[in-house]
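Remarks on the overall topology
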Amino acid sequence: MTSLIETENIGKTYGSVIALSEVSTVVNAGEVTCVLGDNGAGKSTLIKILAGVHQHDQGSFRVEGEEIKFSSPREALDHGIATVYQDLAVVPLMSVWRNFFLGSEPTTRFGFLDSKKGKAVTKKALSDMGIDLRDVEQPVGTLSGGERQCVAIARAVHFGAKVLILDEPTAALGVKQAGVVLKYVAQARDRGLGVVLITHNPHHAYPVGNRFLLLKRGRALGSYEKSEIDINELTRQMAGGAELEALEHELRGVEA
Amino acid sequence: MTVTATAPPAADERLGKPRAMDQLIKRPEIGAMLGALLVFLFFSVVTEQFLSVGGAATWLDDASMLGIMAVAVAMLMIGGEFDLSAGVMTASTALVTALLATQLGLNVWLALLVSLAFALGVGALNGWLVMRTGLPSFIVTLGSFLALQGLNLGVTRLVTGSVQVSGMREAAGYESAGFLFASTFQIGGTSFYVSIIWWVLFTVVASTVLMRTRFGNWIFAIGGAAQSSRAVGVPVVRSKILLFMTTAFAAWLVGSINILRYASVQANQGIGLEFQYIIAAVIGGCLLTGGFGSAVGAAIGALIFGMARQGIVYAGWNSDWFQLFLGVMLLAAVLVNNMLRRRAERVRR
């Protein structure tokens, strides 16, 4: 089976700044590939290449086995790669169903909005994902942060995304809300989508992830299958491994 | 957000039967409706002519000219932009029509067509400049407002030697064009201007577009969150330019009604009206920040204007008081809308 997305030694430079260098990973259908790293590690650059916002200038990027270089987010979308950004997921003042269909509104034969169908489909698509909303007519702004992410995820799934890229979906959320969002990430995975989950929290990544790509200063610090690594090791590597231990020693020294 | 009479297919058991009051409160135009009712009752009691058929014909006409523009401006505001050149545009379009018909001897219909092309061009330029530069439309259209104001006076004086263009009545096609834009019709022995019909028609079309079409959905989206809209494939630039052109179209309509009704036009007309349009739209429930509002609300906002302006005349007060009324009305509207909107969001939780 060919992978949905495969990158091999991919790299990107902005002028003289090397933002990303020699990063290799795969995204398979029905699996979650987690990209972990601290601020400035190159996570954003990597997903922007995958989402078609930027173009890579080294290495190879294949979508379903085909070598590709997207020129726009729209082109990535046409290849079934949908991205849900943390901050620009939805329009707060608009109702849930109008948000859900924004850009792909259903119309009747006369060209008018088919609000009845829109509401029914939204309700069904959301409940298929296990998202249970009382009223799809309420403004999205009245939903919690987690629910908003969920609506955006459900929208991507409904409109036929094969790969779902989630940019820090749990970053601004409380513990419980983050759990809810992760549940829907798992839902999307179980429906056969390939998911790329960007996060800096190993505790969010580990339960749902199949594969972990650790980035640091634009380079891959390591790439592990779930069987190869446990949560403690993942956390340790994330936090800078040896550096953290050294820091710990130092702090102990202060106490003593 | 839609006005549908049908119940949703599968009602959720957690939703109680929606109370009529709550349903009403969700509408953005509810504050304006209450205000209009209040003003109507007030002047009906205080003055005698206000409630008469003749009185109604007068304040409806006053409201209609403002209303056509207020509705277009409301759509633009929902889309997240302002147009300060809208007031002066009503004079510019009338001047173009009048100059072409009286100075070049063009048929009025042809003059109207050229004037329409001019209006749409200015609207498109406004929109293009705003989108291209990324500057606030407030500044860009302030520029076009001043530029048009200068052009209106400068060109008129250059061509006619005065600041007024008159003599439309002699132009070919004046009668037939006048029938479409400036005739009257009889109800109960009283003449009503046809502009009232244009106003109602424009409001109905605008409201239908806003609530029932894809483009309407995009207008709310680009006003609410342009970046998010772009990310899901909404053509933000094209939509906003179209909205600026809609405002310009409305200005052409009002300008045409004016020139064909009075057969002359002052070059300094229309200045200051742009704020009245915005005020009417805000009274009608539009948010200054975009993404929320209603065409019907703006039409009602204009109705309040018309009723108050004429009501004050009927009551025999000095028209100076109108400005005071305007200020108080605007503040009240913003406060009430703010409160109702918060309440609406609570209701939906």
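Residues numbered from 1 in each chain as written. Chains lettered and ligands numbered in written order. Predicted model: local features only at pLDDT ≥ 70, side-chain atom pairs only at ≥ 80, totals over all residues.

What about the overall build of chain B?
Using the following cut-off: The secondary structure listing takes helices from DSSP runs of H or I that are at least 4 residues long and strands from runs of E that are at least 2 residues long, numbered from the N terminus. Placing a C-beta atom from the backbone of each residue, one calls two residues in contact when those atoms lie within 7 Å.
When its secondary structure is counted, chain B shows 14 helices and four strands. In chain B, the share of contacts with a sequence separation of at least 24, taken over all contacts with a separation of at least 6, comes to 79%.

Structural notes on the packing of helix α9 (residues 214-224) of chain B against helix α11 (residues 236-262) of chain B
All names here are of chain B. Put simply, the rule reads: Convention adopted: a line fitted to C-alpha atoms gives each axis, helices being fitted over their contacting stretch, and angles between N-to-C directions are expressed from 0 to 180 degrees. The scheme is simple: roughly parallel for angles under 35 degrees, roughly antiparallel for over 145, roughly perpendicular for 65 to 115, oblique for anything else. Three categories are distinguished: nonpolar for Ala, Val, Leu, Ile, Met, Phe, Trp, Tyr, Cys and Pro, charged for Asp, Glu, Lys and Arg, and polar for the others, with Gly belonging to the last.
Between α9 and α11, the least distance of the axes is 10 Å, while the angle of their chain directions is 100°. Comparing their axes, α11 and α9 come out roughly perpendicular. Contacts from Phe215, Trp218, Ile219 and Ile222 of α9 reach α11 at Val236, Ser239, Lys240 and Leu243. Here the contact of α9 with α11 is built from residues that sort into six nonpolar, one polar and one charged.

Topic: the packing of helix α2 (residues 30-46) of chain B against helix α13 (residues 295-314) of chain B
In a pair of packed helices, the angle between the axes and the distance between the axes together describe the arrangement. Residues and elements named next belong to chain B. This is how it is decided: Two helices crossing with the near one rotated counterclockwise from the far one by less than a right angle form a left-handed crossing, whereas a clockwise rotation gives a right-handed crossing.
Viewed as axis vectors pointing N to C, α2 and α13 meet at an angle of 20°, and their least axial separation amounts to 9 Å. When the axis of α2 is compared with that of α13, the two are roughly parallel. When you trace α2 past α13, the crossing you get is left-handed. Residues Ala32, Met33, Gly35, Ala36, Val39, Phe40 and Phe43 of α2 form the contact with α13, whose own contacting residues are Gly297, Ile300, Gly301, Leu303, Ile304, Met307, Ala308, Gly311 and Tyr314. Its residues placed into classes, the contact of α2 with α13 shows twelve nonpolar, four polar and no charged.

Quick word on the pairing of strand β3 (residues 32-37) of chain A
The side chains of a regular strand alternate between both faces of the sheet. Residue and element names in this part refer to chain A. In plain terms, the rule: Three exposure classes are used. Buried residues have 20 or more other C-beta atoms within 10 Å of their own C-beta, exposed residues have 12 or fewer, and partly exposed residues fall in between, all C-beta atoms being placed from the backbone. A pair of strands is treated as paired once DSSP finds two or more bridges between them.
Counting buried positions along β3 gives six out of six residues, so the element sits mostly inside the fold. Residues Val32, Cys34 and Leu36 line one face of β3 and the alternating positions Thr33, Val35 and Gly37 line the opposite face, and both faces are buried. Where β3 and strand β8 (residues 194-199) come together, five bridges link them in parallel fashion. From the neighbouring strand, Val35 faces β8, where its bridge partner is Ile198. Sheet topology note: the β3/strand β9 (residues 211-216) ladder contains five bridges and is parallel. Bridge pairing in β9 links Val35 to Leu213.

Side note on the confidence of the model for chain B
Residues and elements named next belong to chain B. For clarity, the threshold we go by: pLDDT measures how confident the predictor is about each residue, on a scale from 0 to 100.
Of the residues in chain B, 90% have a pLDDT of 70 or more, and the chain-wide mean is 88. The model gives residues 1-10 a pLDDT under 50, and that stretch makes ten contacts with residues more than four places away or in other chains. The ipTM for the predicted assembly is 0.78, set against a pTM of 0.83.

Section: the pairing of strand β2 (residues 184-187) of chain B
Residue and element names in this part refer to chain B. Here β2 runs beside strand β3 (residues 190-193); their pairing, made up of four bridges, is antiparallel. Among the inter-strand pairings, Ile187 is bridged to a residue of β3, identified as Thr190. Between β2 and β3, which pair antiparallel one after the other, the connecting turn spans two residues, and Gly188 there sits at a positive phi close to 55°.

A word on the environment of B:Thr160
Relative to the helices and strands, B:Thr160 is located in helix α6 (residues 137-160). In the structure, B:Thr160 is positioned 58 residues away from B:Thr102 in sequence and 10.0 Å away in space, judged by C-alpha atoms.

As for unusual backbone geometry
Residues and elements named next belong to chain A. Of note, the phi angle at Glu22 is positive, near 50°, even though the residue is not glycine. The backbone of Arg217 sits at a positive phi, close to 50°, despite the residue not being glycine. Looking at where Arg217 falls in the secondary structure, it is placed in the loop between β9 and β10 (219-225). On the basis of neighbour count, Arg217 is assigned to the partly exposed category, with 14 C-beta atoms found within 10 Å.

Structural notes on the environment of B:Val96
Residue and element names in this part refer to chain B. One can find Val96 in helix α4 (residues 86-103). Here the alpha-carbon distance between Val96 and Leu129, two residues 33 residues apart in the chain, equals 23 Å. Ignoring anything within four residues of it in the chain, the contact list for Val96 reads Val114, Ser115 and Phe118.

What about the environment of B:Ala206?
All names here are of chain B. Residue position: Ala206 is located in helix α8 (residues 195-212). A tally of 23 C-beta atoms within 10 Å means that Ala206 is categorised as buried. The sequence separation of Ala206 and Val71 amounts to 135 residues, and the corresponding C-alpha distance is 7.3 Å. Aside from chain neighbours lying at most four places away, what touches Ala206 is Val71, Met75 and Ala295.

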